[in-house]
Amino acid sequence: MYPEVRAAVAADDGPALGAPGFDLAAHREEVRLFNLRQPREHVASVEDVDADGVPCRLYTPADPLEGLAVHAHGGGFVLNDVDVHDAVVRRFANRLRRPVLSVDYRRPPEAKFPAAPDDLDTVVGWLRREGPPGPYAAHGDSAGANLALVAALRNPGFFRVVALIYPFLDPRASFPSWSEGPGSGFDPSEASWYWEQYARSEADYDDPDLAPLLSDRLHTLPPTFVATAEHDPLRDEGEELARLLAEAGVVTVGIRCLGQVHGFWRHAQFTASEPLVRQVAGYLDQHLV
């Protein structure tokens, strides 16, 4: 790990998710309020919108170009929301120079699979009927990258391009990079807890709408960008996705961000964050013109 990343991991004192006495609602609110206190960039317009019952937040930069990116936030399906991702989506919209629609999808355990991918489908239907004009991109980080990928697979031909940041794809944690877990700040037990909250039962682990590495529709995807982090337990599953896409004939770019751990993209204090935001914006720009 690079020194700043190593220091951040050492300083992480977050709660043990799912431990006795863990208050999920209180933790969500604490994280939300903390993130709302952080500095954020000005965006020309920020508007909360209702996409056929799915709350979303639309970020429109000054003098926007044609097109729109649909963003699904990370957080293990369980945590985070549009407020937690507000700062990074502002940065993303300004770098992309196009509107970004951040989706506040339903979260487990209150709403289990397939509530979240169904919400993304609802947003796609709303965009088809009355959304800002396309072309459209699908974008997400971690669990949100899973949802963005599934949205593109469920709605072939709708998105012109897909960008995924360290996607969370394998509920069985079967790849060797999970050996990075205990020292990376993302323990395997945390990942298992997320999947247990999301799935209705272990049978869902074989559903390609939950575990999209199992999909037989990968060949239907548009050009796709996949970023992984060197010391992220999710590294190998993201890179396996990129390999499968390339083998299926999808125009694919995969990169590994050296020295980084899971979650770095969202936090501007990591020096690798801003370059990745710009690289994703550049890739989407290449395919949205």
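Look above for the structure.
So, a few notes on the structure that sits alongside this text. (Residues numbered from 1 in each chain as written. Predicted model: local features only at pLDDT ≥ 70, side-chain atom pairs only at ≥ 80, totals over all residues. Heavy atoms only, no water.)

On to the environment of Pro135, then. Within the element layout of this structure, Pro135 appears in the loop between helix 4 (115–130) and strand 5 (136–141). On the basis of relative accessible area, Pro135 is assigned to the buried category, the value being 13%. C-alpha separation for the pair Pro135 and His287, spaced 152 residues apart in sequence, amounts to 9.1 Å. (Helix = DSSP H or I, 4+ residues; strand = E, 2+ residues; numbered from the N terminus. Buried < 20%, exposed > 50% of the residue type's maximum accessible area, 1.4 Å probe, protein only.)

The element strand 5 is extensively covered by neighbouring structure, given that 6 of its 6 residues are classed as buried. Residues of strand 5 alternate between two faces, with Tyr136, Ala138 and Gly140 on one and Ala137, His139 and Asp141 on the opposite face, all of them buried. Pairing of strand 3 (residues 68–72) with strand 5, which is carried by 5 bridges, proceeds in the parallel orientation. Bridge pairing in strand 5 links Ala69 to Ala137. Both strand 5 and strand 6 (residues 159–165) contribute to a ladder of 6 bridges, which runs parallel. Across the sheet, the residue bridging to Ala137 is Val161, located in strand 6. In terms of handedness, the path from strand 5 via helix 5 (residues 143–154) over to strand 6 forms a crossover that is right-handed. (Pairing = 2+ DSSP bridges. Right-handed = clockwise from strand over helix to strand, strands pointing away.)

To continue, consider the sheet that holds strand 8 (residues 252–257). The 8 strands are arranged 1-2-4-3-5-6-7-8 in an open sheet whose pairing can be described as mixed. This sheet does not close on itself; its edge strands, each paired only once, are strand 1 (45–51) and strand 8. Neighbour-to-neighbour, the strand axes of this sheet turn through a mean angle of 20°, independent of strand direction. Helix-sheet contacts for helix 5 involve strand 3, strand 5 and strand 6, and the interaxial angle to strand 5 is about 150°. Of the strands in this sheet, strand 6, strand 7 (224–229) and strand 8 are in contact with helix 8 (residues 235–247), which crosses strand 7 at around 155°. (Axes fitted to C-alpha atoms, helices over the stretch in contact; angles between N-to-C directions. Contact = heavy atoms within 4.5 Å.)

On inspection of all chains with the given rule, the structure shows 16 aromatic pairs. When the centroid spacing of 5.9 Å and the interplanar angle of 65° are considered together, the rings of Tyr166 and Phe264 count as edge-to-face. Residue Tyr166 is located in the loop between strand 6 and helix 6 (181–184), and its partner Phe264 is located in the loop between strand 8 and helix 9 (273–288); the two are separated by 98 residues in the primary sequence. Like Tyr166, the residue Phe264 is buried in the burial classification. An aromatic cluster is present here, built from Phe22, Phe77, Phe113, Phe168, Trp178, Phe186, Trp193, Tyr194, Trp195 and Tyr198 joined pairwise through their rings. (Phe/Tyr/Trp six-rings, centres within 6.5 Å; stacked < 30°, edge-to-face > 60°.)

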